[in-house]
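# Structural description and commentary
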Amino acid sequence: MKPRPPGAAKAPQAKPGLHPRNPHREGYDFPVLVEASPELRPHLVRTPDGRTTVDFADPAAVKALNRALLLVHYGIRDWDIPPGYLCPPVPGRADYLHHLADLLGEACGSMPPQGGGIRVLDIGTGANGIYPLLGHRIHGWSFAGTDVDVRALESLTRVLAANPGLAGGIELRRQPRPERIFEGVLEPGERFHACLCNPPFHASAAEAREGSARKWRNLKGAAAGEPARNFGGRAGELWCPGGEAAFVGRMVEESAELGDRILWFTSLVSRSENLPDLRRKLRAARPAEVRVIPMAQGQKRSRILAWTYVPAQARRGWFEGP
């Protein structure tokens, strides 16, 4: 690591906007992370004001940071992903789960609800499996993670095998029909308290490449060379025909067919300009309630779109025993 400039030690850079329960809101404690995961040390650099960080334009650095965060904060060992797969930033993914816990807590009267009796469906869990891994560790929830990619599920299976405490709370299911979201992965009569999703953001491979190039220029400057996908990602993770708006729109349309099977349908919506069309689709589906939950990490803004077909007075029954 580059030497520290003269002067007092700098505190970690806080991450304003994260959920109050998010342990990453005060920034990264790099001495603790490096002690637990020494492979992170070669990736540390200094900012001009003397703070420790990693080069977020370096895919290896981002992956090493994730491995350290998952080990230190969540007790997840030997996390890994195949080359080229999506390497998601942990703080923002944890934030989604904390906001989802608030949403469920309103119905059951527990903030946040805990335990394996809470069942969550993760749509497009990927090779990283970040939502089931974090959600089971933070809240003890039970997860079913779905994906069309066999290799991704095989990789995540190896992570679960390395962490025996996780296997009982996380089930993986292959979606045999890529054109469908729920059909083919829900068992007859099965119910979930929530589904969550980080949908493919871009509408095409070309748009995904331009997005990577734009992020690269923001990180490295206008004179930078060829971009690297610092967070990785493949077709299906980064893009699908129609992009985020089309994917979440399909979720809305399919949700109307099984409104009594999932209490809260939720998805990230990164582009605010997609909300008007999604609201129109929701009006046609006629849910009992729609929420838009704002999320932020520093200057980055996002939101969770949530909808339910269950009337407010009936939601508590989902959390009561038989």
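Overview of the structure. (Residues numbered from 1 in each chain as written. Predicted model: local features only at pLDDT ≥ 70, side-chain atom pairs only at ≥ 80, totals over all residues. Heavy atoms only, no water.)

### Quick notes on unusual backbone geometry
A positive phi angle, close to 55°, is found at D78, a residue other than glycine. With respect to the helices and strands, D78 occurs in the loop between helix 2 (59-74) and helix 3 (90-108). Taking relative accessible area as the criterion, D78 reaches 53% and is therefore assigned exposed. Backbone geometry places R286, a non-glycine residue, at a positive phi of 60°. Structurally, the position occupied by R286 is in the loop between helix 9 (275-285) and strand 8 (289-297). (Helix = DSSP H or I, 4+ residues; strand = E, 2+ residues; numbered from the N terminus. Buried < 20%, exposed > 50% of the residue type's maximum accessible area, 1.4 Å probe, protein only.)

### Brief notes about helix 9
Turning to helix 9, its buried residues are L275, L278, L282 and A285. What you see down the axis of helix 9 is that its buried residues fit within an arc of 75°, all on one side. Turned more than 90 degrees from where helix 9 packs its buried face, R283 and A284 sit exposed. Buried positions along helix 9 lie against helix 8 (243-255), strand 8 and strand 9 (300-308). Of the residues one or two after helix 9, R286 is the one with positive phi, at around 60°. (Arc of directions from axis to C-beta. Contact = heavy atoms within 4.5 Å.)

### Some details on the sheet that holds strand 7 (residues 262-268)
Strands sit in the order 5-4-3-6-7-9-8 across an open sheet of seven strands; the sheet is mixed. Only two strands of the sheet have a single partner each, and these edge strands are strand 5 (170-174) and strand 8. In this sheet, neighbouring strand axes are inclined to one another by 20° on average, regardless of whether the strands run parallel or antiparallel. With three bridges joining them, strand 6 (residues 192-197) and strand 7 adopt parallel strand pairing. (Pairing = 2+ DSSP bridges. Axes fitted to C-alpha atoms, helices over the stretch in contact; angles between N-to-C directions.)

### Examining the pattern of salt bridges
Tallied over the full model, the rule gives 20 salt bridges. The shortest N-O distance in the salt bridge between D102 and R21 comes to 3.0 Å. Linking D102 in helix 3 with R21 in the segment before helix 1 (30-36), this pair joins segments that are 81 residues apart in sequence. R21 sits in the partly exposed class, given a relative accessible area of 31%. Across the salt bridge formed by K281 and E253, the nearest N and O atoms sit 3.4 Å from each other. Of this pair, K281 sits in helix 9 while E253 sits in helix 8, and the two are 28 residues apart along the sequence. The partly exposed category is assigned to K281, whose relative accessible area is 27%. (Salt bridge = Lys/Arg side-chain N within 4 Å of Asp/Glu carboxyl O.)

### Some remarks on the nonpolar core
Membership of the largest hydrophobic core comes to 54 residues, with the highest contact counts inside it found for L40, L133 and W141. Residue contacts for L40: discarding those within four places in its chain leaves F30, L33, V34, V54, A64, L65 and A68. Counting residues in each nonpolar core, the second largest holds 24 residues, with F265, L278, L282 and A285 among its members. (Core = buried A, V, L, I, M, F, W, Y, C linked by side-chain atoms within 4.5 Å.)

### Side note on the state of the cysteines
For the structure shown, the criterion picks out zero disulfides. Here C195 is not cross-linked by a disulfide; its sulfur's nearest cysteine counterpart is in C197, at 7.6 Å. For C195, a relative accessible area of 0% translates into the label buried. (Disulfide = S-S within 2.5 Å.)

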